[in-house]
Structure formats: C-alpha cells, structure tokens
Amino acid sequence: MPARALDSLKSHLDHEKHLDDFHALKELPESFEWTPLDQDRYPSIDQAPRVESVPLIDLDGPNVENLVGNACKKWGVFQVINHGIATRKLDDIESACRRLFSLPQSQKVRAARSLDGVTGYGPARISSFFQKQLWSEGFTILGSPLEHARLLWPDDYTEFCEITEQYQEEMKRLAGKLMWLMLGSLGITKEDFEWADPARDFQDACAALQLNSYPKCPDPDRAMGLAAHTDSTVLTILYQNTTKGLQVLREGFGWVTVQPVPGALIVNVGDLFHILSNGSYPSVVHRAKVNRARHRFSVAYLYGPPTDALVSPHRKMVDHNRPPMYRAVSWKEYLGIKAIHFDKALSTIKICTPNVAVNANDYSENERVES
C-alpha cells in the first residue's frame with residue numbers, strides 16, 4: 001500500500017479512547033449502557049409480517065446487473081453468493097480473527113494504534129462521536145500487518161500476515177467486479193469511467209482491512225457493538241460469521257437484521273458511490289448489535305478510489321432535470337470532513353437538493369453526541 005494511501009485514511013481512524021478487557025466484565029458498566037431511544041425511533045421490523053430481507057444475489061445467475069442495481073437503489077446493501085472467494089479463504093480469515101482477539105488483553109495492547117497512527121488494535125473508529133462506549137474491538141490493516149503482527153507473535157507471525165494479505169488480494173479482485181456491476185446498473189460503461197487503468201481495472205484503488213470483534217455481552221439489550229453510521233467508502237465488502245448482529249436501516253420501516261448466509265458476503269454502498277450516482281444509490285445506514293451467548297466476528301474490506309482521484313456525480317447521472325447534488329471531493333478530503341462532521345458529512349459538500357429526497361443521513365440523532 002503506497003504511503004499516500006495511509007495519509008488518506010489517517011484522519012478517519014481516531015486514537016483509542018478505551019481498551020477494555022471485555023472478557024473480564026461480568027456486568028455491563030454504566031459507560032456502556034445505551035438508551036433505548038434509538039430503537040424507539042427506528043424499531044426492528046424483523047418480526048413484522050411480510051418484511052423483505054436484504055437481497056441475496058447469485059453472481060453466477062441471470063440478470064445480475066439489474067438485480068444489483070435494484071438492490072442498491074432500494075436498500076443500499078445486498079448479499080452475494082458464488083462470488084469466487086473460496087470457502088477456505090473465508091474460514092482462514094475468521095480463524096485469524098479468532099486467534100487475534102483471543103489473545104490476552106495485555107498482549108493485544110502491544111499492537112495498539114499510536115496516537116497519530118492508522119493501523120493496529122483499538123476501539124471502533126467512530127467511537128469518539130458518542131458519549132457511551134461500544135462493546136467491540138478492532139484491528140486495522142493497510143497492506144501488510146507485519147509491523148504489528150511481530151509485536152503480537154514475535155516468533156509466529158507469518159501465518160497471520162499471509163492470510164490477511166491473501167484475503168486482501170481476493171477482495172480487491174471481487175471489488176473490481178462489483179464496481180463494474182454497480183456502474184453498469186447505472187448505464188456507466190468502461191469507456192465512461194476515468195478511475196480504471198488502461199486494462200479497465202482498478203489496480204490503483206486504495207483499501208483497508210478492518211477485523212472486528214464483538215465479544216459476548218452480559219446485557220446485550222442495553223449495549224451497542226457498533227453505532228449507526230454510513231461507510232466513507234465507494235463500497236464495503238463484509239464477511240460475518242454465523243452469529244447475527246449486523247442491522248441495516250430500511251428507510252421508512254426500521255432496522256432489519258442481515259441474516260448470516262453460509263459463504264455469502266455483504267456489500268454496502270458507501271458515501272462515495274452515493275456521490276458518484278448523484279444520489280440515486282443511498283449509502284446504507286447500519287449498526288452492529290451484540291449477543292449474550294456468542295462471540296461475533298466480522299471482516300470489512302473498505303474500498304475506495306485512487307488517492308488523487310476526485311469523486312463527483314458522473315456525467316451520465318446529470319442532466320437539466322438532475323443537476324449535480326455534490327461538489328467534487330477526493331477520498332482524503334472526504335475522510336477529513338467525515339472525521340469532523342460524521343453523519344452530516346454529505347450535507348457539507350451538497351450543492352443542490354433534489355425535489356425528492358433520496359438519502360436520509362441525519363440518522364441516529366439520539367445516539368450521536370450533539371455538537
């Protein structure tokens with residue numbers, strides 16, 4: 001990963017506020033107690049009659065491009081199967097997560113993010129925006145995790161590095177495929193798109209790998225694993241183990257749990273694709289709940305444009321009836337904006353409001369620290 005990619009992400013990854021040993025906590029501390037106000041405003045609709053599920057798309061099936069487009073427009077998220085990532089690779093990355101997060105706390109903090117650092121062990125990156133703490137821990141990787149892996153396993157770090165590096169290579173290939181499907185669903189062809197290299201690939205794209213751990217919680221109804229947010233990416237590819245916890249906000253309805261499907265991967269539309277689509281595809285608001293009996297793991301591949309690329313509404317998404325909603329912005333600049341304004345980041349670069357709102361980003365008012 002080039003040094004400039006690290007600079008692009010640095011403003012988005014805040015220093016750890018707390019590094020709690022969750023396994024030692026037998027009761028939920030007051031600092032982790034979240035109020036039910038958010039659940040009241042956005043109720044769970046999993047038990048309601050005729051509730052739709054997050055779309056599950058077979059990438060080897062027919063009409064894939066249209067299915068992807070419909071899912072992006074309606075949900076901002078979908079699951080994929082037959083994606084080309086071997087089950088063994090998914091098992092390996094989950095095992096790497098388990099190995100990492102099962103280490104004693106005194107050992108994990110050896111790889112803690114530095115004050116001005118990006119990579120390593122620490123709390124959720126968005127934790128500084130909330131008054132209450134999050135019941136989760138994470139480990140961020142840019143390219144090779146060698147520096148921190150050596151601190152965790154001085155004599156046995158090779159396997160962890162190989163697994164995470166190979167996983168990133170697989171994810172990069174899949175992300176490129178998904179990009180063309182999502183762009184194609186908007187009528188944007190390879191000849192229309194500037195980010196791709198001459199081979200019509202995305203080799204210069206930047207990305208980070210985020211390993212997440214949501215330990216068993218003594219009082220999950222009052223805790224929050226990861227608070228409501230959108231991703232600052234073009235797209236995010238998420239692997240989750242068989243323990244459910246991820247919820248997406250279906251606008252006008254409420255929170256919908258993304259049920260784990262063996263072998264499936266979850267694809268989130270990020271803020272930058274929302275900009276690129278000129279608001280046609282919403283960046284999905286999502287959060288993670290925790291479990292009393294089971295430890296949940298997830299792995300997020302955070303995919304963005306080349307560092308020097310400017311993201312703006314694509315010309316095919318703009319006409320006299322659809323003026324551009326947002327000004328052009330680089331990923332580096334947008335990450336800096338998001339680090340300050342969080343859920344209001346998109347509104348700070350908006351230059352036009354459509355007649356019909358297509359994306360509500362003033363979410364989670366009761367969870368967010370008011371400024």
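Q: Explanation requested: the overall build of the chain in the structure shown.
A: A tally of regular secondary structure across the chain gives 10 helices and 14 strands. For the chain, with 371 residues in total, the buried portion stands at 56%. In the chain, the share of contacts with a sequence separation of at least 24, taken over all contacts with a separation of at least 6, comes to 78%.

Q: Is there a simple way to think about the side chain of Q210 in this case?
A: Looking at the secondary structure, you find Q210 in strand β5 (residues 206–214). A polar contact of 3.4 Å, which involves the side chain of Q210, links it to the side chain of N212. Once residues lying within four places of it in the same chain are set aside, the contact partners of Q210 are R125, G138, F139, T140, S298, V299, A300 and L302.

Q: Any chance you could explain the environment of A227 here in plain terms?
A: For A227, the position within the fold is in strand β6 (residues 226–229). A227 gets classed as buried once you look at its relative accessible area, which sits at 0%. When the C-alpha positions of A227 and K289 are compared, they lie 8.5 Å apart, and in sequence the two are 62 residues distant.

Q: Where do I start with the pairing of strand β2 (residues 77–81) in this structure?
A: On any regular strand, side chains alternate: one points to one face of the sheet, the next to the other face. Taking burial as the measure, the five residues of β2 include four buried ones, the bulk of the element. Handedness of the β-α-β unit built from strand β1 (residues 56–58), helix α3 (residues 64–74) and β2 comes out right-handed. Here β2 runs beside strand β10 (residues 265–269); their pairing, made up of four bridges, is antiparallel. What sits directly across from V77, in β10, is N268.

Q: How should the sheet that holds strand β4 (residues 137–141) be read in this particular structure?
A: Backbone hydrogen bonds hold the strands of a sheet together, and the pairing may be parallel or antiparallel. Strand order across the open sheet formed by eight strands is β1-β2-β10-β7-β12-β5-β4-β3, with mixed pairing between neighbours. The sheet is open, and its two borders are formed by β1 and β3 (120–122), each paired with just one other strand. With direction set aside, neighbouring strand axes in the sheet form an average angle of 25°. Sheet topology places β4 next to β5; five bridges connect them, and they run antiparallel. Across the sheet, the residue bridging to F139 is L211, located in β5. Most of the contacts of helix α4 (residues 87–101) go to β5, to which it runs at about 60°, and overall it touches β3, β4, β5, β7 (235–240), β10 and β12 (296–304). Strand contacts of helix α7 (residues 158–185): β2, β4, β5, β7, β10 and β12, with the helix running at about 130° to β7, the strand carrying the most contacts.

Q: Is there a simple way to explain the pairing of β5 in this structure?
A: Within β5, nine of the nine residues are buried, which leaves the element mostly enclosed by the surrounding structure. Covered by surrounding structure in β5 are C206, A208, Q210, N212 and Y214 together with A207, L209, L211 and S213, the residues of both alternating faces.

Q: Even after reading the chapter, I still don't get the pattern of salt bridges, so can you show me in this structure?
A: Where charged atoms of side chains with opposite charge meet at close range, the side chains can pair. Taken as a whole, this structure holds 15 salt bridges when the rule is applied. Salt-bridge contacts for R250 lead to E52; the nearest nitrogen and oxygen are separated by 3.7 Å. Placement of R250 in strand β8 (residues 246–250) and of E52 in the loop between α2 (37–41) and β1 is noted, with a sequence separation of 198 residues between them. You can call R250 buried: its relative accessible area is 11%. Relative accessible area serves as the criterion here: at 41%, E52 is assigned to the partly exposed category. In this structure, R327 engages E333 in a salt bridge whose closest nitrogen and oxygen atoms are separated by 2.7 Å. On the accessibility criterion, R327 (31% relative accessible area) is partly exposed.

Definitions and cut-offs
- Residues numbered from 1 in each chain as written.
- Predicted model: local features only at pLDDT ≥ 70, side-chain atom pairs only at ≥ 80, totals over all residues.
- Heavy atoms only, no water.
- Helix = DSSP H or I, 4+ residues; strand = E, 2+ residues; numbered from the N terminus.
- Buried < 20%, exposed > 50% of the residue type's maximum accessible area, 1.4 Å probe, protein only.
- Contact = heavy atoms within 4.5 Å.
- Polar contact = N/O pair within 3.5 Å; in protein donor to acceptor, adjacent residues only side chain to side chain.
- Right-handed = clockwise from strand over helix to strand, strands pointing away.
- Pairing = 2+ DSSP bridges.
- Axes fitted to C-alpha atoms, helices over the stretch in contact; angles between N-to-C directions.
- Salt bridge = Lys/Arg side-chain N within 4 Å of Asp/Glu carboxyl O.

Everything listed here is a matter of geometry and, on its own, says nothing about what the molecule does.
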